[in-house]
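Breakdown of the fold
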Amino acid sequence: MSLPYNGDLIKYAKELRKNATPWERKLWHYFLKDYSVRFQRQKVIGNYIVDFYCSKARVAIELDGGGHFTEDKIKYDNDRMEELKKQGVKVIRFYNIDVDKNFYEVCSQIDREVNKYLSSQLK
């Protein structure tokens with residue numbers, strides 16, 4: 001099932017792909033790029049762009065740096081998560097430091113969430 005998206009954001013999403021953060025590059029190149037279920041980078045969903053998205057499992061992954069700790073940004077992120085949840089997308093958030101210090105656990109958690117969704121579809 002295809003999700004609605006704001007076509008005006010496509011150009012910006014492409015720029016974000018070209019200018020990925022070091023943490024996004026690490027997660028993409030060392031895990032998601034060759035993961036058994038396809039992920040997309042900088043995917044436009046509705047009026048938002050998520051860092052990574054797996055349409056088969058309806059899972060979005062967000063990597064947060066220090067800019068996500070302000071009151072305004074926390075509210076924006078929460079509103080965004082609620083909107084994505086209404087569209088049936090589960091958002092998993094990690095801090096950049098988690099990608100640096102706990103990479104195996106980040107990858108394991110992503111794998112668990114994707115497999116949890118996929119196995120629920122078999123029932």
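Residues numbered from 1 in each chain as written. Predicted model: local features only at pLDDT ≥ 70, side-chain atom pairs only at ≥ 80, totals over all residues. Heavy atoms only, no water.

1. Section: the nonpolar core
- Core analysis: the largest hydrophobic core is formed by 22 residues, its most contacted members being L27, L32, F39, I61 and I110.
- Counting only elements with at least two residues in this core, the list comes to α2 (22–30), β2 (48–54), β3 (59–64), β4 (90–95) and α5 (103–122).
- The leading source of residues in this core is α5, at six residues.
- The next biggest cluster of nonpolar side chains, apart from the first, holds eight residues, and it includes L3, I45, L84 and V91. (Core = buried A, V, L, I, M, F, W, Y, C linked by side-chain atoms within 4.5 Å. Buried < 20%, exposed > 50% of the residue type's maximum accessible area, 1.4 Å probe, protein only. Helix = DSSP H or I, 4+ residues; strand = E, 2+ residues; numbered from the N terminus.)

2. Things to note about the side chain of E24
- With respect to the secondary-structure elements, E24 resides in helix α2.
- Here E24 is buried and forms no salt bridge, its nearest opposite-charge partner R25 lying at an N-O distance of 6.9 Å.
- Reaching out from E24, the side chain makes a polar contact with the backbone nitrogen of T21 at a distance of 3.0 Å.
- In this view, E24 contacts Q42, D51, F52 and L63; residues no more than four positions away in its chain are not counted. (Lys, Arg positive; Asp, Glu negative; His and termini not counted. Salt bridge = Lys/Arg side-chain N within 4 Å of Asp/Glu carboxyl O. Polar contact = N/O pair within 3.5 Å; in protein donor to acceptor, adjacent residues only side chain to side chain. Contact = heavy atoms within 4.5 Å.)

3. Some points on the pattern of salt bridges
- Per the counting criterion, the structure on display carries eight salt bridges.
- In this structure, R112 engages E105 in a salt bridge whose closest nitrogen and oxygen atoms are separated by 2.8 Å.
- Between K116 and E113 there is a salt bridge, and its shortest N-O distance comes to 3.4 Å. A residue pair is termed a helical-turn pair when its members lie 3 or 4 positions apart in one helix, as K116 and E113 do in helix α5 at three residues.
- Assessed through its relative accessible area of 49%, K116 is described here as partly exposed.
- Connected through shared salt-bridge partners, D64, K73, D77 and R93 make up one network.

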